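# Fold and geometry: a report
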Amino acid sequence: MAADKQRGRQTVRDMVISLAVIVLAAGVIYVFVPHDEDEDPVKRVSYQVELDSARRAAPYPVAAPRGLSDDWRATSVRYQARGDSGSVWHLGFMAPGNEYVAIEQSDDRRPHVFVRDVTRGAEKTGKTRRIAGEDWERYSGPKYDALVREAADGKSTTVVMGTAPDRQLTHMVEALDIRRAPSPSAPASPSVPPSPSPSTDDGSAKPGDDAEAATS
């Protein structure tokens, strides 16, 4: 019986020693391995390549901002062709103040369904905003608010949405550049060399030839 108690105490002592070694090792790693407590956990992404590809592939002009300050950090980008919601473009940002703002576009023939899905149930407020010469409908929801505009030809819907306040959503709309990829330039026509001027036997131009060419 005494031997069993002795073994039990030894086992507990071994466990305590092992735990102390683990804690000490973790402390050493924390102290000596470089780390930056001020490092921003939000990873910034580059989206220019994806934007160029989407503008070539999408059946509608694709929206992306121009001229935003560095305080606006792109965090997600994707283009999906011919999905359940049509061809969809997404570009997400972390706005100043760590608020979320995203651009969502689609050629879904059910724009109300697309808007409802991307905004997680936001509904029309019945109000519109005139921004950069276009009317945008205001939506409000339990998770996201949004500004929504259907293209003049009715073939696409653009949504600027997020947790950001209305002024930041408006700022994103004002920065939008909505366009397709430029068409390839037409090949230049081959140049035709000018006809030689008539000349005399000694190689000089005949008097009056220029005048005749101008009137003929």
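Everything discussed here concerns the structure shown above.
This report concerns the structure included in the present document. (Residues numbered from 1 in each chain as written. Predicted model: local features only at pLDDT ≥ 70, side-chain atom pairs only at ≥ 80, totals over all residues. Heavy atoms only, no water.)

### Focus on helix α2 (residues 48-57)
Taken together, the buried positions of α2 are L51, A54 and R55. Along the axis of α2, the buried residues cluster in a sector spanning 100°; they form a single face. Away from its buried face, by an angle of more than 90 degrees, α2 presents the exposed residues V49, R56 and A57. Where α2 is buried, its residues meet β1 (62-65), β2 (73-83), β3 (86-95) and β9 (176-179). (Buried < 20%, exposed > 50% of the residue type's maximum accessible area, 1.4 Å probe, protein only. Helix = DSSP H or I, 4+ residues; strand = E, 2+ residues; numbered from the N terminus. Arc of directions from axis to C-beta. Contact = heavy atoms within 4.5 Å.)

### Considerations on the packing of aromatic side chains
Evaluation of the coordinates by the stated rule reveals 2 aromatic pairs. Each ring, one from Y47 and one from F93, has its centre 5.9 Å from the other, and the planes form 75°; the classification is edge-to-face. In this pair, Y47 sits in the loop between α1 (2-32) and α2 while F93 sits in strand β3, placing the two residues 46 residues apart along the sequence. What makes F93 buried here is its relative accessible area of 3%. When the ring of Y100 is compared with that of Y144, the centres are 5.9 Å apart and the planes differ by 50°; the resulting orientation is tilted. Linking Y100 in strand β4 (residues 99-106) with Y144 in the loop between β6 (134-140) and β7 (145-150), this pair joins segments that are 44 residues apart in sequence. (Phe/Tyr/Trp six-rings, centres within 6.5 Å; stacked < 30°, edge-to-face > 60°.)

### Here's the deal with the environment of H171
Residue position: H171 is located in helix α4 (residues 166-175). Here H171 falls in the partly exposed class, since its relative accessible area comes to 36%. For the pair H171 and P65, spaced 106 residues apart in the sequence, the C-alpha separation amounts to 9.7 Å. When residues no more than four places from it in sequence are discounted, the contact partners of H171 are L68 and W72.

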